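Secondary and tertiary structure notes
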Amino acid sequence: MKIAPSSIYHTLRFQITAVIILLISVLVINTLFSFYSESQRRHDYNALQSSGSTQQLFSSLISRSTQYASAAPRDWDTYFRDLGMYGEDLNNIILKLDTTLLALNDLPDIQQQWQIYSQEIHKVRGDLAEPKLESVAQWVVAHQAELEALSQQIDTRIKTMLEQQLEKQRLINIALLALSLLVGLSALFALNRFFSRPLQSILARLQHLAQGKTSSDDAITSRNEMGTIYSAIDELALNLDTTFNLTRSVNQATSVDSALCFVYREYQQRLPIDALCLIRDSNDTQSLLLERVHSDQQLRLQENSRHSKLRCELCSMIELSEPLLWQEDTDWNGKHSALATYLHDAGINSALFFPFNNQSGSVLLFASTQPSAFNEKHLQLLKNAGGQLQHAFEKTELVESLVISAVSGLSKLAESRDPETGDHLARMSQYSMILAEELSHDSLYQDQIDNRYIRDILRFSPMHDIGKVGIADSILLKPGRLTGEERHDMEFHPAIGGEVLKRCEEQLNASGHSMFTTGIEIAEGHHEKWDGSGYPHGWKGKEIPLSARIVAVADVFDALTSKRPYKEAWPVEKALKLFDEESGKHFDPEVINAFHRALPKMLEVYERLKHV
């Protein structure tokens, strides 16, 4: 499964590239500053040369002018001689000063001051053909102090400017050094946080996983590829942990109910499930049976409810053995299959259907009340554990069916030896289940009764008279009234039945299973009476197990309303009158109240299965 970071900014490629670009940027900045420093040093060198040149030029101008002023010519011959000497030197000095000072762009006020002096010198000199050299010399001598001050100012200003430039470069160098250190440390921190440290955590996680340690206290919060890799490893570890726990649960499960419970507990930590159901394909009736429901919540899911296969997408899934993901907001709109409608009406808005890859037609339903609760990741999780899930239920179903079939055979055997005829076991088990369902809704015992309890009542109530296999035929089949001793032996059959089932339970306990607790309660206690006058133990009131109190009412109701060789069937009204009379004596008053509320359902069974 391909997993990508949520954004390009969180990818390792982007983060490493950003660090490299930052380092290159700092290197470029340092290089550019080096070029700038080199150019600045060249400029400073030129400025320093200009300072020395101007001092020499001003000194030469003043000295030559002073000499010429003290020995000015008095005839034309001397004048023309000096014109070729002092006059030419004067022109060269002024031209060089103009050129040199013009290059000092950083000293505009100095340039402006010299321009004033230069213009005055040109003005005093007059005509270039016959310049007034003596006047120029006298002007220079007169302004000697000012020219010297200007020369000194140029030297001072250039030195100050150079010192400032050096200080500026020093500060820039310090700033660049600090920036380089900051960027370098940041790069090291980023590489450690986003690469080195996560890599060490990943390696440690893999080492723990190799040692069989699927859990870890460590975690990576990085959103780059390292965090993604760690999350994938963590997900793998959780999947392995779920598989290991599920495998252990397979060995602990003793029934389909316990298998459902184990699977529900394990996957509740990984999936947003509110219920786990077992669905079976009933090929003979063209319907799907919602056989088992396990949930911590009160959901409107009824066990043993049947739903037509017509237009049901689940049927094709069973045939192909492919898991199916249903989301209420996308998959169920407009669909009218009976199962989809039932689940929707029961408050199920998302579902994962997981069929077993065998011929049983069994499907696990992972149900949620939240819309869009599941995704492909959840579906893949179930696919990975498919073998363990299937094995868990195949094993427990086989154990259950073998044991229950064997003991049910004994129950049938016991019934066949009894003079009672008809479908007594089928009717009274249905009556018992209906009574248990009624007591689970609104009674003093509703907290004691769940779906598993109701199912155990249905399953084990036919074993109530299994103890009759230990009663002699001379007593069991005697057509007339029993003697006191025979009655005593006959009343011992509940204890025999309890002992038979206890032996079965001991064998199962030796192999790590438990199944017959409810059957033992029913076999031993179904002839006990509320007032303590029953047999074989004389239990009273709530000393009698609730399951036995329920079966007692169902057993007597069927016995009274069914035809026997020694009597006719009682009318239902006559039986009801007897139950009212025996409430608080033979029967638990709370069970009798439930019996009256459930009577319409019981009469449906009576009409469908009654013995004619």
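Attention here is on the structure that accompanies the text. Worth saying up front: this structure is predicted, and the values here are computed from it rather than measured.

Before going further, it helps to examine the pairing of strand β2 (residues 287-294). Burial of β2 is extensive: eight of the eight residues sit out of reach of the surface. Looking at chain direction, strand β1 (residues 275-282) and β2 are connected through seven bridges and run antiparallel. Within β2, the position partnered with Ser282 by the bridge is Ser287. Alignment of β2 against strand β3 (residues 305-308), held across four bridges, turns out to be antiparallel.

One can describe the packing of helix α19 (residues 572-582) onto helix α20 (residues 589-597) by two numbers: an axis separation of 10 Å at closest approach and a directional angle of 155°. The orientation of α19 with respect to α20, classified from their angle, is roughly antiparallel. Between α19 and α20 lies a crossing whose hand is left-handed. Where α19 abuts α20, its residues Leu576, Phe579 and Asp580 lie against Ile592, Phe595 and His596.

With that settled, the discussion passes to unusual backbone geometry. A cis amide bond, omega 10°, links Tyr535 with the succeeding residue Pro536. Despite not being glycine, Ser372 has its phi angle at roughly 50°, a positive value. By the secondary structure assignment, Ser372 is in the loop between β6 (362-368) and α10 (376-384). On the basis of relative accessibility, which here comes to 41%, the residue Ser372 falls in the partly exposed class.

With that settled, the discussion passes to the pairing of strand β5 (residues 350-355). Counting buried residues in β5 gives six out of six residues, a clear majority hidden from the surface. Neither face of β5 is exposed, since Ser350, Leu352 and Phe354 on one face and Ala351, Phe353 and Pro355 on the opposite face are all buried. Of the pairings in the sheet, the one linking strand β4 (residues 324-327) to β5 comprises four bridges and is antiparallel in character. Across the sheet, residue Gln327 finds its bridge partner in β5, namely Ser350. Judged from the six bridges that link them, β5 and β6 form a sheet pairing that is antiparallel. Along β6, the bridge assignment pairs Pro355 with Val363.

Glancing now at the sheet that holds β1. If you trace the six strands from one edge of the open sheet to the other, you get β3-β2-β1-β6-β5-β4, paired in antiparallel fashion. Here the strands that pair on one side only, and so sit at the sheet edges, are β3 and β4. Strand-to-strand twist across the sheet, computed as the mean angle between neighbouring axes with direction ignored, equals 25°. Sitting on the sheet, helix α7 (residues 256-268) is in contact with β1, β2 and β6, with an inclination near 70° to β2. The sheet contacts of helix α9 (residues 338-345) involve β1, β2, β3, β4, β5 and β6, and relative to β3 the element is tilted by about 130°.

For side chains of opposite charge, pairing can occur when their charged atoms come near one another. Summed over the entire model, instances satisfying the criterion amount to 15 salt bridges. Of the charged contacts in the structure, one is a salt bridge between Lys159 and Asp155, with a shortest N-O distance of 3.3 Å. Here Lys159 and its partner Asp155 are both found in helix α5 (residues 144-210), four residues apart, which amounts to about one turn of the helix. Lys159 sits in the partly exposed class, given a relative accessible area of 44%. Arg503 is paired through a salt bridge with Glu499; the nearest N and O atoms lie 3.2 Å apart. With a gap of four residues between them, Arg503 and Glu499 both fall in helix α16 (residues 493-510), about one helical turn apart. We classify Glu499 as partly exposed; its relative accessible area is 35%. One network of salt bridges, with partners in common, ties together Arg280, Glu291 and Arg292.

What counts and how
- Residues numbered from 1 in each chain as written.
- Predicted model: local features only at pLDDT ≥ 70, side-chain atom pairs only at ≥ 80, totals over all residues.
- Heavy atoms only, no water.
- Buried < 20%, exposed > 50% of the residue type's maximum accessible area, 1.4 Å probe, protein only.
- Helix = DSSP H or I, 4+ residues; strand = E, 2+ residues; numbered from the N terminus.
- Pairing = 2+ DSSP bridges.
- Axes fitted to C-alpha atoms, helices over the stretch in contact; angles between N-to-C directions.
- Parallel < 35°, antiparallel > 145°, perpendicular 65-115°, else oblique.
- Left-handed = near helix turned anticlockwise from the far one by under 90°.
- Contact = heavy atoms within 4.5 Å.
- Salt bridge = Lys/Arg side-chain N within 4 Å of Asp/Glu carboxyl O.

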